Amino acid sequence: MSVGSASLDHAGRSDGVLNADALRADARRQALGLLALLSPGLFVVFALIIVPIGWLFWLSLFDETGELSLVNYARFFEQASYIKTFATTFKVAFVVTGACVLFGYPLAYMLSQLPRRAASICLIFVILPFWTSVLVRTYAWLVILQRKGLINNWLIDLGIIGQPLPLANNFAGVVIGMTHIMLPFLVLPLYASMKTIDVDCLCAGMNLGASPAATFRQIFFPLSLPGLASGVVIVFVLGLGFFVTPALMGGGKVIMWAMRMEQATSLYSNWGAGAALGVVLLAVTLALLSLFQRLLGARATGVWSRR
Amino acid sequence: MSAENALPISHWQRLWLYLLGGLVMLFLIAPSVIIVIMSFSGSTLLQFPPEQWSLRWYESYFGSVEWRDATIVSVKVAVMTAIVATPLGTAAAYAINAGTLRLTGAINALLTASLIIPVILIGIGTFFLYALIGLNNTLTGLVIAHTVQALPLVVLTVLSGLRSYDMSQEMVARSLGAGRFAAFFQVTLPQLRFSIVSGALFAFITSFDEVVVSLFISGGETTTLTRRMFNALRDQIDPTIAAISTCLIVLSIVLLSAAQLFGRGR
């Protein structure tokens, strides 16, 4: 194979030392060229993500008078409202992740067992919501769940309930809306990993006398765990920082982490407080992701690269 | 690998699984279907199915200067984002795929960072930065910010295209005397075009649907459609939004089908 053809041919006719130099120069040129290709992309990311976040981190270390202090972080432990926000956020993220596993696992399992054509048709039901605006889906759930929404209207018309059920503008509404948005993030990686499970392993189990349930429990389920873990991590992490659905469906009662950040900066112009919240949120997010990566050696961003 | 003739379990025994899966699929698709149907309702009340039908919410959408302006802003920004993010992401994917650079893992992580980092933090950070350099409420600012959001999708899409492409073809072209650029544009690019077009479509839709960052950095004459929708939803449930939502759903379907069609050409 002719790597770096021109310079190699040229140097090949000279002695060995010159050849090595030419090769090294060629490799260096190659590396520089690749770096040049990367640089515009890296530059925008650096300028719009790394620089502002570093800046916000710096800001979070000062109090309102400009003195270096940890007051912005101390607040998290002292003020009951912050503690409540964190508790709510983790509670929502846990419940949503649990609901996604509960609904997503059977769906992914079904998709993995269906014939190819049927599976690709059913997959549309997962992919279309995945690419539909979060705002559109949140609006849909508002229409369905609110006081005078579709579900309450139906149930009242059918005479099942007398008073409308509180489904939106509360914890339940946030959980339902977020579960709908997060479900594809769990199903897609889980389905992809289930597809890689060798059917022969399952057949072997059944040949040796295992019942279908035992085969599933002892062979299929353990093999699907890495995919499940990657879905769980991504859903949980995205859930912690979620903004749109709790802001629109929480009715001001469910205050999550990201909403607190928005309030601190937009409403009170308290950059230090908002920045400190952001720094801790980022730290938690990255800690969870790196823990996951260390344990399973896989990247959680895989969900976006397969469709 | 076809499961149905390998495992001695009939579809009949699996009925419970299909029922369960079907219910989850219904849960996933029902909201979109309901909104599309509701958008043709003739009444301001939320009735499903609607008792009378009309196009009044579409008239209210297209007839409103504010909604129209916001739509135009969003389209402009999304087109520009696709135009900027696609070459940037393709170039980066090409370099990552070569794999000869050190720190490829770190570079990959950095380029895909915006998928993982809480978007609210990116929104606040971008607003803060733009306040200093005067890019808030500008189209340029929106395009740059959306490019950061769209870049990872282009990188990942093109990278998956490159994985099924044999780079030695480009080497052959170069050994036959083609320059670096000629080899890329005449040999590699034509074979990657499907992934690149898919990447561009994803960039467009990412920008068009982006909410959180736009909430912070757009306003006044550059208010995006999603920002206006978000504010409208905070106030009250205006059925006009059902008509807009239907348009967004149709846009998603069209772009996804296009991406799928292009993907099949590979």
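Residues numbered from 1 in each chain as written. Chains lettered and ligands numbered in written order. Predicted model: local features only at pLDDT ≥ 70, side-chain atom pairs only at ≥ 80, totals over all residues.

Caption draft 1: Layout of the overall build of chain A. For chain A, the helix and strand inventory stands at 14 helices and zero strands. Scanning chain A from its N terminus toward the C terminus, one meets helices and strands in the order α-α-α-α-α-α-α-α-α-α-α-α-α-α. What you see for chain A is a C-alpha radius of gyration of 26 Å, clearly larger than the 19 Å of a compact globule of 307 residues, by over 25%. Across its three principal directions, the C-alpha atoms of chain A cover 95 × 75 × 30 Å. Burial statistics for chain A: of 307 residues in total, 41% are counted as buried. Once local pairs closer than 6 in sequence are excluded, the contacts in chain A between residues at least 24 apart make up 71%. (Helix = DSSP H or I, 4+ residues; strand = E, 2+ residues; numbered from the N terminus. Rg over C-alpha atoms; globule rule 2.2 N^0.38 Å. Buried ≥ 20, exposed ≤ 12 C-beta atoms within 10 Å, placed from the backbone. Contact = placed C-beta atoms within 7 Å.)

Caption draft 2: View of the overall build of chain B. A tally of regular secondary structure across chain B gives 13 helices and zero strands. Each principal axis of the C-alpha distribution contributes one length, and for chain B these read about 70 × 65 × 30 Å. In chain B, which comprises 266 residues, the proportion classed as buried is 46%. Partitioning the intrachain contacts of chain B with sequence separation of at least 6 by distance along the chain shows that 74% fall at a separation of at least 24.

Caption draft 3: The packing of helix α4 (residues 65-98) of chain B against helix α10 (residues 180-209) of chain B, seen in detail. All names here are of chain B. Contact geometry for α4 and α10: axes closest at 8 Å, N-to-C directions at 140°. As far as their axial angle goes, α10 and α4 are oblique. Along this stretch, α4 crosses α10, giving a crossing that reads as right-handed. Residues S74, V77, A78, V79, T81, A82, A85, T86, G89 and T90 of α4 lie in contact with α10, whose contacting residues are I196, G199, A200, A203, F204, S207 and F208. (Axes fitted to C-alpha atoms, helices over the stretch in contact; angles between N-to-C directions. Parallel < 35°, antiparallel > 145°, perpendicular 65-115°, else oblique. Left-handed = near helix turned anticlockwise from the far one by under 90°.)

Caption draft 4: Geometry of the nonpolar core. Counting 156 residues, the largest nonpolar core has M182(A), V235(A), A92(B) and L151(B) as the members making the most contacts within it. No fewer than three residues from each of domain 1 (1-39) and domain 2 (79-305) of chain A sit in this core. Those residues in contact with M182(A) that sit more than four places away from it in its chain are V96(A), C100(A), V235(A), L238(A) and G239(A). (Core = buried A, V, L, I, M, F, W, Y, C linked by C-beta atoms within 7 Å. Domains from an automatic or database assignment.)

Caption draft 5: Region of the structure containing the UniProt feature "transmembrane region" (unreviewed entry) in chain B. All names here are of chain B. With numbering matched to this structure, UniProt assigns "transmembrane region" (unreviewed entry) to residues 15-40, 77-97, 109-133, 139-159, 195-219 and 240-262. Structurally, residues 195-219 comprises 84% helix and 0% strand, and the distance from its first C-alpha atom to its last is 34 Å. Within residues 240-262, the helical portion is 100% and the strand portion 0%, while the C-alpha atoms at the span's ends are 33 Å from each other. (UniProt positions renumbered as here; feature names shortened; annotations may be inferred.)

Caption draft 6: The domain arrangement of chain A, seen in detail. Taken as a whole, chain A is organised into domain 1 (1-39) and domain 2 (79-305). With centres defined by C-alpha atoms, the gap from domain 1 of chain A to domain 2 of chain A works out at 50 Å.

Caption draft 7: Local environment of the UniProt feature "domain: ABC transmembrane type-1" (unreviewed entry) in chain A. Per the UniProt annotation, the sites labelled "domain: ABC transmembrane type-1" (unreviewed entry) are residues 86-292 of chain A. In this annotation, residues 86-292 of chain A is assigned 80% helix and 0% strand; the end-to-end C-alpha distance for the span is 22 Å.

Caption draft 8: A look at the interface of chain B and chain A. Facing 83 residues of chain B, the contacting portion of chain A comprises 76 residues. It is helix α2 (residues 15-38) of chain B that contributes the most residues to the side of chain B that touches chain A, 14 residues altogether. For the side of chain B that touches chain A, the residue count by class is 62 nonpolar, 16 polar and five charged. (Nonpolar A, V, L, I, M, F, W, Y, C, P; charged D, E, K, R; others polar.)

Caption draft 9: A look at the UniProt feature "transmembrane region" (unreviewed entry) in chain A. Residue and element names in this part refer to chain A. The positions that UniProt labels "transmembrane region" (unreviewed entry) are, in the present scheme, residues 32-58, 92-111, 118-144, 171-192, 227-248 and 268-292. Helix and strand shares over residues 32-58 are 100% and 0% respectively, and the end C-alpha atoms of the span are 33 Å apart. A helix fraction of 86% and a strand fraction of 0% characterise residues 227-248, whose end C-alpha atoms lie 31 Å from each other.

Caption draft 10: Representation of α10(B) in the model. Counted at 1.5 Å a residue, the expected span for α10(B) with its 30 residues is 44 Å, but the 37 Å between its end C-alpha atoms falls short. Its maximal kink placed at L189(B), α10(B) deviates by approximately 60°, while the proline P190(B) follows within four residues. (Expected span 1.5 Å × (residues − 1). Bend = angle between axes of the 7 residues up to and from the residue.)

Caption draft 11: Seen up close, the packing of helix α10 (residues 212-240) of chain A against helix α13 (residues 271-296) of chain A. All names here are of chain A. Look at α10 against α13: their axes get within 10 Å of each other, and the N-to-C directions meet at 175°. With respect to α13, the element α10 is oriented roughly antiparallel. Where α10 abuts α13, its residues P226, A229, S230, V233, F236, V237 and L240 lie against L281, V284, T285, L288, L289, F292 and L296. Looking at the contact of α10 with α13 residue by residue, the classes come out as twelve nonpolar, two polar and no charged.

Caption draft 12: Spatial organisation of unusual backbone geometry. One non-glycine residue with positive phi stands out, namely N169(A), at about 55°. For N169(A), a count of 19 C-beta atoms within 10 Å puts it in the partly exposed group. Positive phi, normally seen in glycine, also occurs at N137(B), with a value near 60°. As for its placement among the helices and strands, N137(B) is situated in the loop between α7 (119-133) and α8 (139-163). The class of N137(B) is partly exposed, set by 15 C-beta atoms lying within 10 Å.

Caption draft 13: Representation of the confidence of the model for chain A in the model. With 91% of its residues at a pLDDT of 70 or more, chain A has an overall mean of 86. Here helix α1 (residues 5-12) of chain A is the element of chain A with the lowest mean pLDDT, 46, and helix α4 (residues 80-113) of chain A is the one with the highest, 94. (pLDDT = per-residue confidence, 0-100.)

Caption draft 14: Just the confidence of the model for chain B, in detail. Residue and element names in this part refer to chain B. Confidence along chain B averages 88 in pLDDT terms, with 95% of residues attaining 70 or more. Averaged over each element, pLDDT in chain B is lowest for helix α1 (residues 3-6) (47) and highest for α4 (94). Every residue in residues 1-5 scores below 50 in pLDDT, and together they form five contacts with partners more than four places removed in sequence or on other chains. Among the prediction metrics, the complex's ipTM stands at 0.89, with pTM recorded as 0.88.

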